[in-house]
Amino acid sequence: MSYHVTQLITGHGNFVSYLYGISRQESSDCTYSDARDFGKHTLFHCQKWEEHRGPAGITGLEPEGLTAYMLNSEDNWKAVEEFDRAPLRAREAEERRRSF
Ligand SMILES: [Zn+2]
């Protein structure tokens, strides 16, 4: 069993925080709107990432349902991981731009 899955099942820490690597985030604000909750907001509500939710299969999913959805199949797990990459990449690019 992988470290991440173990962490998930033991409930050690907030799952969304894990997804978005809270230690890497200076701020939890969304870059594209006024939302304060980067993790949940990005995954479930931000308009910026709406088009990515369909492929990830999380359209209409509630935050409480995410863990079960991901553990349901490896494809689901990978789809959410894939979704996770776009916002993180965009955010990292944004941070690099600011620091130069
Ligand atoms: Zn947003």
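Along each chain, residues carry numbers from 1 onward, in the same order as the chain's sequence is written. Only residues with pLDDT of at least 70 get local features here, since the model is predicted, and only at 80 or more are side-chain atom pairs given and counted; chain-wide, interface and lining totals rely on the full set of residues.

### A word on the overall build of the protein
Stated formally: Numbering goes from the N terminus for both helices and strands, where a helix is a DSSP run of H or I of at least four residues and a strand is a run of E of at least two. Any residue with 12 or fewer other C-beta atoms within 10 Å of its own C-beta is exposed, any with 20 or more is buried, and the rest are partly exposed; the C-beta atoms used are placed from the backbone. For the purpose of contact definition, each residue receives a C-beta atom placed from its backbone, and two residues are in contact when these atoms lie within 7 Å.
For the protein, the helix and strand inventory stands at six helices and zero strands. Along the protein, helices (α) and strands (β) appear in the sequence α-α-α-α-α-α when read from the amino end. For the protein, the residues scored as buried account for 15% of the 100 residues in total. Taking all contacts inside the protein whose residues are at least 6 apart in sequence as the whole, residues at least 24 apart take part in 33%.

### Side note on the confidence of the model for the protein
Worth spelling out the cut-off: pLDDT expresses how confident the predictor is about each individual residue, on a scale running from 0 to 100.
Mean pLDDT over the protein works out to 74, with 70% of the residues at or above the 70 mark. Mean pLDDT across the secondary structure elements of the protein bottoms out at helix H1 (residues 3-10), with 49, and peaks at helix H4 (residues 50-56), with 89. Contacts from residues 7-13, a stretch scored under 50 in pLDDT, to residues over four places away or in other chains number six contacts.

### Topic: the environment of His41
Tracing the backbone shows His41 in helix H3 (residues 38-45). For His41, a count of 22 C-beta atoms within 10 Å gives the class buried. C-alpha of His41 to C-alpha of Pro63: the two residues are 22 residues apart in sequence and 9.6 Å apart in space. Beyond its immediate chain neighbours, meaning those up to four positions away, His41 contacts Cys30, Ala35 and Cys46.

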